[in-house]
Amino acid sequence: QVRLVESGGGLVQPGGSLRLSCAASGIIINIATMGWYRQAPGKQRELVANITRSGSTNYADSVKGRFTISRDNAKNTMYLQMNSLKPEDTADYSCNGHVLTRELRYVEVWGQGTLVTVSS
């Protein structure tokens, strides 16, 4: 069974930084597009950023210039460097990946989420 596990969330003051990680485990041939999503209380889940296997990236307008998504294909791990954090960045952050399994089919996998709280 393929799993995605996030880490790195926590409490940070406005203007601070955090780095989230998303590690995949299980029998994985490769992972295509991976992405970070977030859901704030009372709001719908939204895409924060995604990255293709070759490294092409896409960001939500609200995080452009502040967040950087990256991945290490050899380690099946994705990262989100978050700088200049704002209170409105407070949310539960989940990672998502389209994983090619040993059955040679792609399955969409979600992590359990990690909470980021930006507050003074």
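Worth saying up front: this structure is predicted, and the values here are computed from it rather than measured.

Peer 1: Explain the overall build of the chain here, please?
Peer 2: Counting its regular elements, the chain contains zero helices and 11 strands. Along the chain, from the amino end to the carboxyl end, the secondary structure elements read β-β-β-β-β-β-β-β-β-β-β. Along the first, second and third principal axes, the C-alpha set of the chain runs to 50 × 25 × 25 Å. Within the chain, the fraction of its 120 residues that count as buried is 43%. Of all intrachain contacts in the chain linking residues separated by at least 6 positions in sequence, the fraction that spans at least 24 positions is 53%. Carbon together with sulfur atoms contributes 46% to the accessible area of the chain, which is approximately 6400 Å² in total. Looking at the chain, you have 13 positive and 9 negative side-chain charges, and the mean spots of the two groups are 4 Å apart.

Peer 1: It is not clear to me how the pattern of salt bridges should be interpreted in this structure. Could you clarify?
Peer 2: For side chains of opposite charge, pairing can occur when their charged atoms come near one another. As enumerated under the stated definition, the model contains five salt bridges in all. The closest approach of N and O atoms between D61 and K64, which form a salt bridge, is 3.1 Å. For D61, a relative accessible area of 65% corresponds to the exposed category. Between E103 and R102 there is a salt bridge, with its nearest N and O atoms 3.7 Å apart. Overlapping salt bridges, with partners in common, bring together R38, E46, R66 and D89 in one network.

Basis of the calculations
Residues numbered from 1 in each chain as written. Predicted model: local features only at pLDDT ≥ 70, side-chain atom pairs only at ≥ 80, totals over all residues. Heavy atoms only, no water. Helix = DSSP H or I, 4+ residues; strand = E, 2+ residues; numbered from the N terminus. Buried < 20%, exposed > 50% of the residue type's maximum accessible area, 1.4 Å probe, protein only. Contact = heavy atoms within 4.5 Å. Areas by Shrake-Rupley, 256 points an atom, 1.4 Å probe, with all protein chains shown as cover. Lys, Arg positive; Asp, Glu negative; His and termini not counted. Charge placed at Lys NZ, Arg CZ, Asp CG, Glu CD. Salt bridge = Lys/Arg side-chain N within 4 Å of Asp/Glu carboxyl O.

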